[in-house]
Amino acid sequence: MVKFDKRAELAPRDIVARAIDHEIKRLGLDYVHLDISHRDEDFVRAHFPNIYDKLLGLGIDITREPIPVVPAQHYTCGGIVVDRDGRTDAPGLYAAGEATESGLHGANRLASNSLLECVVFGQAAAEHIAANFETLPQVPKIRPWDESRVTDSDEEVVIAQTWGEIRRFMWNYVGIVRTTKRLERAKRRIDMLRQEVADYYSNFRVTPDLIELRNLVEVADLIVRSALSRKESRGLHYTLDYPDMRAEARDTVLIP
């Protein structure tokens, strides 16, 4: 890590993740190693009890040997725009947590801020709902579900295949280091999959897996469109085509 940043492994997580990604690609590796075996065993077990127990169950004793690691996608940074009460611009709809763009994370997810988002904004939303419950709009009635023109799917493999395809191209094209060309390729695949999922949704009985797949396609599309509209690199939002950071930070907000 000292080749990439003077703070070494204590550099911000986006820098560490890009450094790992760079070395894996440069050397053709499957992973790199994270090593804390130089510290006393009692120190490791006291400071990292959950990681220690989890990896020990997988046959890795972190007090004696290094941990194989790969860069994982950063947790969601940004989402539904909310105010300080957790209100969205949809009447009666509130949101809290990492599904929102509260501003607490900035451009790089900060450790434990997800807890802050959930606790603080969750409570703020609950208090605002309780104080304004009588004036909130009524929830619209849901029309009866008509299943008379659909059948049970005999091709569940289609859902699994599409799910896997989204995972692969989102990692390869919309991962830690992005380019406009790769983002555009991902967008074309998303447009194609959206049509396939819509056709599937129209002809077969709805299942939780199918609904989740449809949601995955929509979220992938939002991520790609947002990345394409951002012409700078800031924190985990990194693109080789626009490596510099703008002088002024601006939110990237998509309007339906």
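Structure shown above.
Residues numbered from 1 in each chain as written. Predicted model: local features only at pLDDT ≥ 70, side-chain atom pairs only at ≥ 80, totals over all residues. Heavy atoms only, no water.

A. Structural detail: the overall build of the chain. Each helix and strand in the chain was counted, giving seven helices and four strands. Traced from its N-terminal end to its C-terminal end, the chain shows the element sequence α-β-α-α-β-β-β-α-α-α-α. Based on the C-alpha atoms only, the size of the chain along its principal axes is roughly 65 × 50 × 45 Å. For the chain, the residues scored as buried account for 34% of the 256 residues in total. Within the chain, contacts between residues at least 6 apart in sequence are counted, and of these 56% link residues at least 24 apart. (Helix = DSSP H or I, 4+ residues; strand = E, 2+ residues; numbered from the N terminus. Buried < 20%, exposed > 50% of the residue type's maximum accessible area, 1.4 Å probe, protein only. Contact = heavy atoms within 4.5 Å.)

B. Fine view of a nonpolar patch on the surface. Residues Leu115, Leu116, Val119 and Val120 make up a contiguous nonpolar surface patch of about 340 Å² in total accessible area. As for its position among the elements, Leu115 is in helix α4 (residues 113–131). (Patch = residues over 30% accessible without salt bridge, like charges linked within 9 Å, V, L, I, M, F, W, Y side chains within 5 Å. Areas by Shrake-Rupley, 256 points an atom, 1.4 Å probe, with all protein chains shown as cover. Salt bridge = Lys/Arg side-chain N within 4 Å of Asp/Glu carboxyl O.)

C. Inspection of the packing of aromatic side chains at higher detail. On inspection of all chains with the given rule, the structure shows one aromatic pair. Their ring planes at 45 degrees and their centres at 4.7 Å tell us that Tyr200 and Phe204 sit as a pair that is tilted. A relative accessible area of 8% means that Tyr200 is categorised as buried. Its relative accessible area of 16% is what places Phe204 among the buried residues. Of note, Arg18 hangs over the ring of Tyr238, and the distance from its end group to the ring centre comes to 4.1 Å. The aromatic ring of Tyr201 is capped on one face by Arg214, whose charged end is 4.3 Å from the ring centroid. (Phe/Tyr/Trp six-rings, centres within 6.5 Å; stacked < 30°, edge-to-face > 60°. Lys NZ or Arg CZ within 6 Å of the ring centre and 35° of its normal.)

D. Highlighting helix α7 (residues 208–229). The end-to-end C-alpha separation of α7 is 32 Å, in line with the 32 Å expected for 22 residues at 1.5 Å each. Every buried residue belonging to α7 is among Leu210, Leu213, Val217, Ala220, Asp221, Val224, Ser226 and Ala227, and all of these are buried. Those residues of α7 hidden inside the fold are in contact with α5 (157–173) and α6 (180–203). (Expected span 1.5 Å × (residues − 1).)

E. How the structure looks around the nonpolar core. Among the nonpolar cores identified, the biggest contains 21 residues, and Ile166, Phe169, Met170, Val174 and Ile190 are the most heavily contacted of them. The element that contributes the greatest number of residues to this core is α6, accounting for seven residues. With near-sequence residues (within four places) excluded, Ile190 lies in contact with Phe169, Met170, Val217, Ala220, Asp221 and Val224. With seven residues, the next largest nonpolar core counts Val44, Tyr52, Ile60 and Ile62 among its residues. (Core = buried A, V, L, I, M, F, W, Y, C linked by side-chain atoms within 4.5 Å.)

F. A look at the packing of α6 against α7. For the pair α6 and α7, interaxial distance at closest approach is 9 Å and the crossing angle is 155 degrees. Taken together, the axis directions place α6 and α7 in an arrangement best described as roughly antiparallel. Where α6 crosses over α7, the handedness of that crossing is left-handed. Facing α6, whose interface residues are Thr180, Leu183, Glu184, Ala186, Lys187, Ile190, Asp191, Arg194, Val197, Tyr200 and Tyr201, α7 presents Leu210, Leu213, Arg214, Val217, Glu218, Ala220, Asp221, Val224, Arg225, Ala227 and Leu228. (Axes fitted to C-alpha atoms, helices over the stretch in contact; angles between N-to-C directions. Parallel < 35°, antiparallel > 145°, perpendicular 65-115°, else oblique. Left-handed = near helix turned anticlockwise from the far one by under 90°.)

G. Region of interest: the packing of α5 against α7. Viewed as axis vectors pointing N to C, α5 and α7 meet at an angle of 20 degrees, and their least axial separation amounts to 10 Å. As far as their axial angle goes, α7 and α5 are roughly parallel. The interaxial crossing formed by α5 with α7 has left-handed handedness. Taken together, the residues of α7 that come into contact with α5 (itself represented by Ile159, Thr162, Trp163, Ile166 and Met170) are Asp209, Leu210, Glu212, Leu213, Leu216, Val217, Ala220, Ile223 and Val224. Split by residue class, the contact of α5 with α7 holds 11 nonpolar, one polar and two charged. (Nonpolar A, V, L, I, M, F, W, Y, C, P; charged D, E, K, R; others polar.)

H. Seen up close, the pattern of salt bridges. Counted according to the given criterion, the structure contains 19 salt bridges. The salt bridge partner of Glu41 is Arg45, with a shortest N-O separation of 3.6 Å. Taken together, the residues span about one helical turn, with Glu41 and Arg45 both in helix α2 (residues 41–47) at a distance of four residues. Residue class for Glu41 comes out partly exposed when judged on its relative accessible area of 31%. A relative accessible area of 42% places Arg45 in the partly exposed class. With a shortest N-O distance of 3.1 Å, Glu218 and Arg194 are connected by a salt bridge. One end of the pair, Glu218, is in helix α7; the other, Arg194, is in helix α6, with 24 residues separating them in the sequence.

Any functional reading would require information beyond the geometric quantities listed.
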